[in-house]
Amino acid sequence: MENGGSSDRYSRIGADEIRELEIAYLFPTYQRYELFLSHGDGVCLFDLEGRRYLDFLAGIAVSSLGYNHPRISRILREQGGKLIHSSNLLFQPYQGQLAKRLADLTGMSRVFFTNSGTEAMEAALKIARAHARAQGHEGKSRFLCVRNSFHGRTFGALSITAQEKYQAPFRPLLADVGVIEELTSSALAQAFDDRVCALILEPIQGEAGVRPLPRDFISRARALCDQHAALLVFDEIQTGFGRTGKYFAFQHYGIKPDLLTVAKAIAAGYPLGAVVGAASVARSLKIGEHGTTFGGGPLACRLALEVLDIIEDEDLVSRAAEVGGRLIQELHRLKDKHPCIRDVRGLGLMVGVEVGSIAPEIVKRLLRQGVVANASHGTVLRLVPPLIVTWEQVDEFLTVLDRVLSEFRG
Ligand SMILES: *Cc1c(COP(=O)(O)O)cnc(C)c1O
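Residues numbered from 1 in each chain as written. Predicted model: local features only at pLDDT ≥ 70, side-chain atom pairs only at ≥ 80, totals over all residues. Heavy atoms only, no water.

Bringing the side chain of Ser63 into the picture now. With respect to the helices, strands and loops of the structure, Ser63 is situated in the loop between helix H2 (58-61) and helix H3 (70-80). Residue class for Ser63 comes out buried when judged on its relative accessible area of 8%. Residues within four places of Ser63 in sequence aside, it is in contact with Ala58 and Pro386. (Helix = DSSP H or I, 4+ residues; strand = E, 2+ residues; numbered from the N terminus. Buried < 20%, exposed > 50% of the residue type's maximum accessible area, 1.4 Å probe, protein only. Contact = heavy atoms within 4.5 Å.)

Shown next, in the form of structure tokens:
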């Protein structure tokens, strides 16, 4: 069964039937690509016809170890045959060990595990409110976020996701949220007062088109949070675990947040998220004030421990920095050749190529040429390949991109 071949009768289905069933039975929330997957291997995906695709999407920055990593497959077999789910009412071996690893890696102190990134954001919002209350600050309940942020789709996370297309159909949202309209220190200072309990930032905005926040903006954010006794919350759901060439993106900026949310790459594609808290916030949440059924289950945590070991053993953080640096450099070269490229930006293997409104069309044509990528914000090619991507695969990608961009001349 190594390459996804299966005797499972549910896998004996063709593209037309898959599409018909989805049209008939799913809420129509997704616009899927024309790609009917069979399986993955390394940095590649394979469709039902056996055609190979180079994957520069990695399940939206989730599959950092690629597909079928032998050590992940082994854990799935071993732990899958032992204990998949327990309950947060009972002890199991892995949750505490993973929490310690996350605390050590971040220099922070406590962890709450969730099922997803969004749920980690919800936990962070509640912890921020609980922290303000525990400090005796009644009425300190305001959240600040920035324009074009993305933190998830549930009501709390959506309320701090300042993008009209996501919010408009669902108002009214959480009251008491302020949006910082510009990424400047002065806009930040103007938005602050003592009612703010937390400022929530993505150090590199993913859904907004791969936009690293300016360095002075982040240091001012840290200073203002300290000044107003507000928590600085970093959403590193997309940027965490080596993606940007450091373990966490905050480590590029020489500051530390008070709360850090992580998910996506943490457990090699198995759902898991976490909020990590600094020592100063550690005691703000009391027994019974928050919880979850699935979060931090034994299989998820065992997988995440293996992911962390693999990242270390295969030196994937510095590889992301090196290979990503080379990718960005080569994309700048393509920019000189192709006027449709307006900007290239990013850190490590989180890269955005600004091409304007042709981005979705480029994504379609890349797919036809055997490359999976994605358009973020409708105008930016987002490149987030598995961290195990090789120089050769980056070159292969660049050759295909060069060819596709040539079709947009004049
Ligand atoms: C993906 C993402 C989320 C939402 O995470 P889910 O696991 O989809 O709930 C939140 N914030 C950022 C920055 C993300 O990239």
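Moving on: helix H10 (residues 298-313). Helix length check: H10, at 16 residues, gives a terminal C-alpha distance of 22 Å against a target of 22 Å (1.5 Å per residue), a fit within 8%. Within H10, 13 of the 16 residues are buried, which leaves the element mostly enclosed by the surrounding structure. One or two steps after H10, the chain reaches Asp315, where phi turns positive at roughly 55°. (Expected span 1.5 Å × (residues − 1).)

With that settled, consider the site of the ligand. Taken together, the residues surrounding the ligand are Ser116, Gly117, Thr118, Phe150, His151, Glu202, Asp235, Ile237, Gln238 and Lys264. Here an oxygen atom of the ligand and a backbone polar atom of Gly117 are 2.8 Å apart. Within the backbone of Phe150, an N or O atom sits 3.3 Å from a nitrogen atom of the ligand. Look at the ligand: alone it shows 380 Å² of surface, and the protein chains cover 81% of it. For the shell around the ligand, the per-class residue count stands at 2 nonpolar, 5 polar and 3 charged. (Near = heavy atom within 4 Å. Polar contact = N/O pair within 3.5 Å; in protein donor to acceptor, adjacent residues only side chain to side chain. Areas by Shrake-Rupley, 256 points an atom, 1.4 Å probe, with all protein chains shown as cover. Nonpolar A, V, L, I, M, F, W, Y, C, P; charged D, E, K, R; others polar.)

For the coordinates displayed, the defined rule picks out 26 salt bridges. Across the pair Glu181 and Arg147 runs a salt bridge whose closest N-O atoms are separated by 2.7 Å. One end of the pair, Glu181, is in the loop between strand S6 (177-180) and helix H8 (185-191); the other, Arg147, is in the loop between strand S5 (142-146) and helix H6 (155-159), with 34 residues separating them in the sequence. Given a relative accessible area of 47%, Glu181 falls into the partly exposed group. Arg302 is the salt-bridge partner of Glu306, the closest N and O atoms lying 3.1 Å from each other. Taken together, the residues Glu306 and Arg302, both in helix H10 and 4 residues apart, mark about one turn of the helix. An identical accessibility class is assigned to Glu306 and Arg302; each is buried. When salt bridges with common partners are traced through the structure, they connect Arg71, Arg74, Glu78, Arg302, Glu306 and Asp313 into a single cluster. (Salt bridge = Lys/Arg side-chain N within 4 Å of Asp/Glu carboxyl O.)

The subject of this paragraph is the packing of aromatic side chains. Evaluation of the coordinates by the stated rule reveals 5 aromatic pairs. With a centroid separation of 5.2 Å and an interplanar angle of 65°, the aromatic rings of Phe241 and Phe248 are classed as edge-to-face. By relative accessible area, Phe241 is classed as buried at 2%. For Phe248, a relative accessible area of 0% gives the class buried. On the numbers, 6.2 Å between centres and 10° between planes, the contact of Phe248 with Phe250 is stacked. Residue class for Phe250 comes out buried when judged on its relative accessible area of 4%. The rings of Phe241, Tyr247, Phe248 and Phe250 are connected pair by pair, giving a single aromatic cluster. (Phe/Tyr/Trp six-rings, centres within 6.5 Å; stacked < 30°, edge-to-face > 60°.)

Segmenting the chain into domains produces domain 1 (34-62 + 315-406) and domain 2 (74-313). Each of domain 1 and domain 2 was reduced to a C-alpha centroid, and the two centroids are 27 Å apart. On the domain 2 side, the residues contacting the 25 residues of domain 1 number 27 residues. Regarding the contact of domain 1 and domain 2, the summed buried area is about 2200 Å², with carbon and sulfur atoms giving 60% of it. Remark: the boundary between domain 1 and domain 2 carries 2 salt bridges. With a closest N to O distance of 3.6 Å, Glu354 and Arg211 form a salt bridge. For the pair domain 1 and domain 2, the interface holds 14 residue pairs in polar contact (both at pLDDT 80 or more). Elements represented by at least two residues in the side of domain 1 that touches domain 2 include exactly H2, helix H11 (316-337), strand S13 (343-347), strand S14 (350-354) and strand S17 (380-383). (Domains from an automatic or database assignment. Buried area = accessible area lost by both parts, 1.4 Å probe.)

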